[in-house]
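Overview (structure and organization)
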Amino acid sequence: MIILIDVGSRIRKLRIERGVSAKEVAVSLGVSPSFISGIEKNTSKCSLENLERICTVIGITLADFFTEEKQ
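Residues numbered from 1 in each chain as written. Predicted model: local features only at pLDDT ≥ 70, side-chain atom pairs only at ≥ 80, totals over all residues. Heavy atoms only, no water.

1. Here's the deal with a nonpolar patch on the surface
Residues Met1, Ile3, Ile5, Leu48 and Phe66 make up a contiguous nonpolar surface patch of roughly 600 Å² in combined accessible area. One can find methionine 1 in the segment before helix H1 (7-17). Given a relative accessible area of 97%, methionine 1 falls into the exposed group. (Patch = residues over 30% accessible without salt bridge, like charges linked within 9 Å, V, L, I, M, F, W, Y side chains within 5 Å. Areas by Shrake-Rupley, 256 points an atom, 1.4 Å probe, with all protein chains shown as cover. Salt bridge = Lys/Arg side-chain N within 4 Å of Asp/Glu carboxyl O. Helix = DSSP H or I, 4+ residues; strand = E, 2+ residues; numbered from the N terminus. Buried < 20%, exposed > 50% of the residue type's maximum accessible area, 1.4 Å probe, protein only.)

Have a look at this one:
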């Protein structure tokens, strides 16, 4: 079974849960806040490298990112 993940929404949800602002993520990655906003709104593509860097900034691993939440 293939499960599709809404990457942008998942980033936003996890970022907010951990109290990290989009601006903090942008500064840490050396990108504009609008780029992070675009990723979260799924209007900008997020490379695996950037996803890994975003995960590091918000304090999770890639495995955590892709782990399905318990209902």
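Now that the structure has been shown, we can carry on.
2. So, the packing of H1 against helix H4 (residues 48-58)
Packing of H1 against H4 brings their axes to within 10 Å, and their N-to-C directions diverge by 15 degrees. When the interaxial angle is binned, H1 and H4 end up roughly parallel. The element H1 and its partner H4 pack so that their crossing is left-handed. Packed against H1, whose contacting residues are Val7, Ile11, Leu14 and Arg15, the element H4 presents Leu51, Ile54 and Ile58 at the interface. Here the residues of the contact of H1 with H4 are counted per class, giving six nonpolar, no polar and one charged. (Axes fitted to C-alpha atoms, helices over the stretch in contact; angles between N-to-C directions. Parallel < 35°, antiparallel > 145°, perpendicular 65-115°, else oblique. Left-handed = near helix turned anticlockwise from the far one by under 90°. Contact = heavy atoms within 4.5 Å. Nonpolar A, V, L, I, M, F, W, Y, C, P; charged D, E, K, R; others polar.)

3. Quick look at the side chain of glutamate 40
Assignment of secondary structure puts glutamate 40 in helix H3 (residues 33-40). Take glutamate 40: its relative accessible area is 10%, and that puts it in the buried class. Polar contacts involving the side chain of glutamate 40 include one to the side chain of arginine 15, which spans 2.7 Å. Excluding residues that lie within four positions of it along the chain, glutamate 40 makes contacts with Gly8, Ser9, Ile11, Arg12 and Arg15. (Polar contact = N/O pair within 3.5 Å; in protein donor to acceptor, adjacent residues only side chain to side chain.)

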